[in-house]
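# Structural features, examined
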Amino acid sequence: MMLKTRKARDNLWAGFFLAPQLIGLLLFTIGPVVFAFVISFMEWNIGSKAEWIGTENYQEQWSDPLFWKVLGNTVQFAIMYIPLTLIGALIVALLLNLKVKGRTVFRTMFFMPVVTSTVAVALVWSWMYNPDYGLINAALSVIGVEGPGWLTSTTWALPSVVILAVWQGIGYNMILFLAGLQSVSPQLYEAARIDGANTWQRFRSITLPMISPTTFFILIMLLINAFQVFNEPYMMTKGGPANETNVIVLHIYQTAFQFFQMGAASSLAFTLFFIILIFTLIQFKFSKWVNYDA
Amino acid sequence: MHKRPLSATIAIYAVLVVGAIIMTVPFLWMLSTSLKVPGEIFTFPPKWVPDPIVFENFPRAWNALPFDLAYINSLKIAVFVTVGTLLTCSMAGYAFAKISFTGSRIIFILILATMMIPNQVTLVPVYMIFSELNWIDTHWPLMIPPVLGNAFGVFLLRQFIAGIPNELEDAAEIDGCNRLQVYFKIILPNAKPALAALAIFTFMGTWNNFLGPLIYLHSEHLFTIPLLISSFQGLYTTDWTLLMAASTISLIPVIGVYLMAQKYFVEGITLSGLKG
């Protein structure tokens, strides 16, 4: 009897402490997800009456060449952004994990882009990309290369957006890698040295496996970031030229808040959700290389 | 200690220095441009040190748009969201870490699962909820949902609070403290490092948020800093000295806060990113 009242009291207290987060979860996540799923089967333009149209939104969106264009751009963005950020961050972390002078200063410099708002730094990068007076083409001209009109070129606009994203993303992931590297026991390296392993062999057979959980975590987060990229293309190109930098979230934003097609936008959002889900599951499926025994 | 060959040392510093230059050049270039007279940006090759150095671009940018209001708006939203998030996340974290209640595991997994859902999915329905409430073009849509829903924060604080020794709580309970008193007197003071980490993340994330203000705010007097900068771009696409002065004005507080708090910042990331 005593136990029962204690349990009941605990339930009440838990309810009290959880209430704000649970109410938020219901009002702003679970409820809206269900709501969005329903809307995605409706023709619902702001101002008009909602009408049930089944899977028409999905069919319409998926048969729209623009959808495949923005999906392709997003995938291209991910293919460039993920490895560049991952490898860049890992290299910097490996170097800063060594005994080098001025570690704190280097760390500060690499981290500075992380804290700044994408909107402001995108503006700065747009100016650096300026074909006639920008810093980048001026630097290229020194070595005799005539730079393109970065943000107006159909070839270079997407890579230009990627470069800004990588520049801003390296610092954060570098810190995660550093934390992972510092948890690797020095004895392991010592033992490997005694066995005569060279730097590359030690990296290959100790460092990489020991930081694999960190790498896996970073990989998944980068994938999610890549599929949700919005600020950079919005600020630098508005999706242009000729939709070359138009990505899924920008497309959703335009569909919902410029054309006010809420049903169509919801079907796009769910498509994005499933794509992210599938990619994440695939990554988990092929995560045998991740070593959690550390 | 194993001595590193000189060639390796040179290579290490070369990579670090080149990398660090790439990271900082955009900021220096922004500053340099913001101190030029408009005509001077069209010289080739570009000059790093402006001649003459002019400061007029700063008052010009400041007066062209309501920067002071935007600062106040951004500050108000970020402080509200940060304080609120710390409160609600530490409450939930305490419940999950220290109270055994019915359905604890399932509710915890449910909260974690919501992290998988991209924001874009809930964007439209949440917009419609706020539209029904007549909260469009107010700050509420930017302040309420983040405070009431932060799975990452709940997870971080649960992990941390679980590590606070039970003996501390037991002692407080013997002294006659109820759960609420334990939460305020034992849990909150002992969870300071995790709270600091979450505070830094939440503040920076809210301060730099762009999509939310872009969707919800229409009146200029309500604009946050990123939204103001974005609208500035549309108005002055050709006057780069002015745009760079505006960017500088908008970045000074974040960079300043970062330089002062960088130790905690890095600890915060280490703490929250991996000690899962």
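Just so you know, these numbers come straight off a predicted model, no measurement behind them.

What counts, and where the lines are drawn
- Residues numbered from 1 in each chain as written.
- Chains lettered and ligands numbered in written order.
- Predicted model: local features only at pLDDT ≥ 70, side-chain atom pairs only at ≥ 80, totals over all residues.
- Heavy atoms only, no water.
- Helix = DSSP H or I, 4+ residues; strand = E, 2+ residues; numbered from the N terminus.
- Rg over C-alpha atoms; globule rule 2.2 N^0.38 Å.
- Buried < 20%, exposed > 50% of the residue type's maximum accessible area, 1.4 Å probe, protein only.
- Contact = heavy atoms within 4.5 Å.
- Lys, Arg positive; Asp, Glu negative; His and termini not counted.
- Charge placed at Lys NZ, Arg CZ, Asp CG, Glu CD.
- Buried area = accessible area lost by both parts, 1.4 Å probe.
- Salt bridge = Lys/Arg side-chain N within 4 Å of Asp/Glu carboxyl O.
- Axes fitted to C-alpha atoms, helices over the stretch in contact; angles between N-to-C directions.
- Parallel < 35°, antiparallel > 145°, perpendicular 65-115°, else oblique.
- Nonpolar A, V, L, I, M, F, W, Y, C, P; charged D, E, K, R; others polar.
- Patch = residues over 30% accessible without salt bridge, like charges linked within 9 Å, V, L, I, M, F, W, Y side chains within 5 Å.
- Areas by Shrake-Rupley, 256 points an atom, 1.4 Å probe, with all protein chains shown as cover.
- Phe/Tyr/Trp six-rings, centres within 6.5 Å; stacked < 30°, edge-to-face > 60°.
- UniProt positions renumbered as here; feature names shortened; annotations may be inferred.

### Quick word on the overall build of chain B
- Check the secondary structure of chain B and you find 13 helices and zero strands.
- What you see in chain B, going N to C, is helices and strands ordered as α-α-α-α-α-α-α-α-α-α-α-α-α.
- Here chain B has a C-alpha radius of gyration of 24 Å; the compact-globule value for 276 residues is 19 Å, and the former is much larger.
- Projected onto its principal axes, the C-alpha coordinates of chain B cover approximately 75 × 70 × 35 Å.
- Burial status across chain B gives 52% buried among its 276 residues.
- For chain B, the share of sequence-separated contacts (at least 6 apart) that also reach a separation of at least 24 residues comes to 71%.
- Counting 14 positive and 14 negative side-chain charges, chain B places the centres of these two groups 12 Å from one another.

### So, the interface of chain A and chain B
- Facing 91 residues of chain A, the contacting portion of chain B comprises 92 residues.
- Between chain A and chain B the total buried area reaches about 8400 Å² when both faces are included, carbon and sulfur atoms providing 79% of it.
- When the buried area of chain A at its contact with chain B is split by residue, F17, Q21 and W127 of chain A rank highest and sum to 10% of it.
- Between R179 of chain B and D10 of chain A there is a salt bridge, with its nearest N and O atoms 3.0 Å apart.

### As for the packing of helix α5 (residues 118-128) of chain A against helix α12 (residues 225-235) of chain B
- Running from N to C, α5 of chain A and α12 of chain B point in directions that differ by 30°, and their axes come no closer than 8 Å. On the basis of the axis angle, α5 of chain A is roughly parallel to α12 of chain B. Contacts between α5 of chain A and α12 of chain B pair V119, A120 and L123 of chain A from the former with P226, I229, S230 and Q233 of chain B from the latter.
- Broken down by class, the residue content of the contact of α5 of chain A with α12 of chain B amounts to five nonpolar, two polar and no charged.

### A few points about a negative patch on the surface
Residues and elements named next belong to chain A.
- On the surface, E43, E51, E56 and E60 cluster together into a negatively charged patch.
- Examined against the element boundaries, E51 turns out to sit in strand β2 (residues 51-52).
- Take E51: its relative accessible area is 49%, and that puts it in the partly exposed class.

### What to know about the packing of aromatic side chains
- All told, the structure shown has 55 aromatic pairs over all chains when counted by the stated rule.
- Judged by centre distance (5.8 Å) and plane angle (20°), the ring pair of F28 of chain A and F130 of chain B falls under stacked. Of this pair, F28 of chain A sits in helix α1 (residues 2-39) while F130 of chain B sits in helix α5 (residues 119-132), placing the two residues on different chains.
- Given a relative accessible area of 12%, F28 of chain A falls into the buried group.
- Given a relative accessible area of 1%, F130 of chain B falls into the buried group.
- When the centroid spacing of 4.9 Å and the interplanar angle of 70° are considered together, the rings of F257 of chain A and Y127 of chain B count as edge-to-face. Placement of the pair is F257 of chain A in helix α12 (residues 248-257) and Y127 of chain B in helix α5, with the two residues belonging to separate chains.

### A short note on the UniProt feature "transmembrane region" (unreviewed entry) in chain A
- Per the UniProt record, "transmembrane region" (unreviewed entry) is annotated on residues 12-39, 78-98, 110-128, 156-179, 210-230 and 259-282 of chain A.
- Secondary structure content for residues 156-179 of chain A is 96% helix and 0% strand, while the C-alpha to C-alpha distance between its ends is 35 Å.

### A closer look at unusual backbone geometry
- The peptide bond linking G240 of chain A to P241 of chain A adopts the cis configuration, its omega dihedral lying at -10°.
- Tracing the backbone through its elements, the reader meets P241 of chain A in the loop between α11 (231-236) and α12.
- At the junction of D51 of chain B and P52 of chain B, the peptide bond is cis and its omega measures out at 0° in the coordinates.
- Tracing the backbone through its elements, the reader meets P52 of chain B in the loop between α1 (6-34) and α2 (57-64).
- Positive phi outside glycine occurs at N134 of chain B, with the angle close to 60°.
- Mapping N134 of chain B onto the fold places it in the loop between α5 and α6 (140-148).
- Looking at N134 of chain B, the relative accessible area reads 63%, which means it is exposed.

### Some details on the environment of S74 of chain B
All names here are of chain B.
- By the secondary structure assignment, S74 is in helix α3 (residues 67-98).
- The spacing of S74 and Y236 is 162 residues in sequence and 22 Å in space, taken between C-alpha atoms.
- Once residues lying within four places of it in the same chain are set aside, the contact partners of S74 are W207, T224, I225 and P226.

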